[in-house]
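# Chains, contacts and geometry: an overview
Chain residues, written in single-letter form:
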Amino acid sequence: MSEPVLTVEGLVTSFPGGDGGRLTVVDGVDLALEEGEVLALVGESGCGKSMTAFSIMRLVPKPGRIGPGSIRLCGRDVLSLPVTEMRSVRGSDVAMIFQEPMTSLNPVQTVGSQVVEAIRLHERVSVGDARRRTAELFERVGIPDPSARLDAYPHELSGGLKQRVMIAMALSLRPRLLIADEPTTALDVTIQAQILELMRELQRELGTAILLITHDLGVVNELSDRIAVMYAGRIVEEATRKTLLSAPRHPYTQGLLRSIPSLARAGERLAEIEGVVPAASEWPAGCRFSTRCPVVEDRCRSESPGPFAFAPDHRGFCHVAAREAGS
């Protein structure tokens, strides 16, 4: 069996703390992603999802530090690569669609020139050839009048079109892994559906693996094969999409699912998880979710749980769920 496109083991990412120590924002994360697979990384804001993505891309801002842990991408040890080689890996092996297209695009350059520049950084092609390829990419991602849009500036495009430009840029070198960080945030429902369908089509056509980062479980249900739920820097549950959405084990996952609007509960008040995700400096001992958990037990407050295997394709980190499942 071939090696996964992405393997993350024991990943830790930290920043300097106020007392001279370090604050860990990603704490012992394990992930694996096969070719052509879509893995959704979900959780509330502040859980460490985006920082996990930045770690994989080696884009953690200074004075952040990645390690201990390991990241293998397309058979290469990402954390040991020289800076110049890592720059070539971004785009060719892995690309990222950032959360805010307006802040990710240079406002004083045309969108076409930015994609052309990305292509020419990695391939020895003429400006003319790169422009032709960019126009083809714009057409492929559904940008109307693509040749004319090459010379548009970001402020001249709608949010949906800017997001399509970002997708075109990310796919310009046919990366084996695409990281999509909240790709439909701030887009209206119609444009969201179009972007998701576009990503689905491109994933099928190119066989690109996708790490989808989102807090929107509706988006997850549309696109993912597997789901990993993240809370306070750790993965707390992981399973296939069908298993996790139909039979969640962790109280945090259950709370997230109960908070989704449903026609069956129209007019009812949405369920909510009391409290907020604690800051990294305030993580509790034991289970990170213990301060908000409706079924917390004494051992949860002092002893870190798991991992427990609920089924061959379903793992989680919860003392109560493990006891109930006989794990």
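Residues numbered from 1 in each chain as written. Predicted model: local features only at pLDDT ≥ 70, side-chain atom pairs only at ≥ 80, totals over all residues. Heavy atoms only, no water.

Our next topic: the pattern of salt bridges. With the rule as written, the count across this model stands at 19 salt bridges. For Asp 27, the salt bridge goes to Arg 234, with nearest N and O atoms at 3.3 Å. Here Asp 27, found in strand β2 (residues 22–33), pairs with Arg 234, found in strand β11 (residues 234–240); they are 207 residues apart in sequence, far enough to count as distant. Its relative accessible area of 24% is what places Arg 234 among the partly exposed residues. Of the charged contacts, one joins Arg 301 and Asp 298 as a salt bridge, the two residues approaching to 3.5 Å between their closest N and O atoms. The exposed category is assigned to Asp 298, whose relative accessible area is 65%. (Salt bridge = Lys/Arg side-chain N within 4 Å of Asp/Glu carboxyl O. Helix = DSSP H or I, 4+ residues; strand = E, 2+ residues; numbered from the N terminus. Buried < 20%, exposed > 50% of the residue type's maximum accessible area, 1.4 Å probe, protein only.)

With that settled, the discussion passes to helix α1 (residues 49–57). In terms of residue burial, α1 counts as a mostly covered element, since seven of its nine residues are buried. Listed in full, the buried residues belonging to α1 are Lys 49, Met 51, Thr 52, Ala 53, Ser 55, Ile 56 and Met 57. Immediately downstream of α1, the backbone of Arg 58 shows phi near 55 degrees, a positive value.

Glancing now at the packing of aromatic side chains. Counting across every chain of the model gives four aromatic pairs. Here a set of aromatic residues connected by ring pairs shows up, and it is made of Tyr 231, Tyr 252 and Phe 289. (Phe/Tyr/Trp six-rings, centres within 6.5 Å; stacked < 30°, edge-to-face > 60°.)

This part covers the nonpolar core. Leu 73, Ile 167, Leu 177, Ile 179, Leu 211 and Tyr 252 are the most contacted members of the largest nonpolar core, which has 98 residues in total. Top contributing element to this core by residue count: helix α7 (residues 159–171), with seven residues. With near-sequence residues (within four places) excluded, Leu 73 lies in contact with Val 5, Leu 6, Val 78, Val 89, Asp 93, Val 94 and Leu 177. (Core = buried A, V, L, I, M, F, W, Y, C linked by side-chain atoms within 4.5 Å. Contact = heavy atoms within 4.5 Å.)

Moving on, we get to the environment of Leu 150. With respect to the helices and strands, the residue Leu 150 is situated in the loop between α6 (146–149) and α7. Spatially, the C-alpha atoms of Leu 150 and Phe 138 are 8.3 Å apart, while their sequence positions differ by twelve residues. If sequence neighbours within four positions are ignored, Leu 150 has contacts with Thr 110, Val 111, Gly 112, Ser 113, Arg 131, Thr 134, Ala 135 and Phe 138.

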